[in-house]
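Listed below are the residues making up each chain.
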Amino acid sequence: MRTFLYWLVQLTWGIPINIIGAGVAFLLICKGYKPRRFCHAVYFEVGRNWGGVNFGGFFFVQKDATLTLKRHEYGHGFQNMMLGVLMPFLIHIPSAIRYHYRNYKRAKGFNLTPYDAFWCESWATRLGEKHSSRR
Ligand SMILES: [Zn+2]
């Protein structure tokens, strides 16, 4: 897929989440963080040991993020292209609740199911691998 087409879809059908992504990107640039490129997406490395989050064509990962993590967050960007305006309700809100619930359970000493056991997470991993393995 071409970069133009990617951003066309991100900034039309997928725009709600990209507004947040652009806002966060703007704040980080003001703080001196450098935007980087991953395939068609723009990403930043910030903080340590927290994982990552995707906002459409933008994603944010911990410093020295692995390729696996970057591909996964990139994969969420393709979900945004498919789900568009439904993305916050189907992905972001459930994922945020799950993220905090897992931290709570981990702190209490419970065993956790694998991260990718949640449907939208394994889907994001597959999408990210598919769209970033051929460059
Ligand atoms: Zn994810």
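First, a word on what this report is: a plain description of the structure on this page. (Residues numbered from 1 in each chain as written. Predicted model: local features only at pLDDT ≥ 70, side-chain atom pairs only at ≥ 80, totals over all residues. Heavy atoms only, no water.)

**Describing the overall build of the chain**
A tally of regular secondary structure across the chain gives five helices and four strands. Walking the chain from its N terminus toward its C terminus, one meets helices and strands in the order α-α-β-β-β-β-α-α-α. Taking 135 residues into account, the globule formula puts the C-alpha radius of gyration at 14 Å, and the chain, at 15 Å, falls close to it. Dimensions of the chain, computed from C-alpha atoms along their principal axes, come out at roughly 45 × 30 × 30 Å. Each of the 135 residues in the chain was classed as buried or not, and the buried ones make up 42%. When the accessible surface of the chain is summed, it comes to about 8,000 Å², and 65% of that surface belongs to carbon and sulfur atoms. (Helix = DSSP H or I, 4+ residues; strand = E, 2+ residues; numbered from the N terminus. Rg over C-alpha atoms; globule rule 2.2 N^0.38 Å. Buried < 20%, exposed > 50% of the residue type's maximum accessible area, 1.4 Å probe, protein only. Areas by Shrake-Rupley, 256 points an atom, 1.4 Å probe, with all protein chains shown as cover.)

**Here's the deal with the coordination of the zinc ion**
Coordination of the zinc ion by the protein involves H72 (NE2), H76 (NE2) and E121 (OE), with metal-donor separations of 2.0 to 2.1 Å. By relative accessible area, which is 6% here, H76 ends up buried. Relative accessible area serves as the criterion here: at 2%, E121 is assigned to the buried category. (Donors = N, O, S within 2.8 Å, 3.2 Å for Na, K, Ca; no water.)

**Remarks on the pattern of salt bridges**
This structure, assessed with the given rule, holds two salt bridges. Among the ionic pairs, E45 bridges to K70, the shortest N-O distance being 3.8 Å. Of this pair, E45 sits in strand β2 (residues 41-45) while K70 sits in helix α3 (residues 67-83); the two residues are 25 residues apart in sequence, bridging distant segments of the chain. In this pair, the class of E45 matches that of K70, namely buried. (Salt bridge = Lys/Arg side-chain N within 4 Å of Asp/Glu carboxyl O.)

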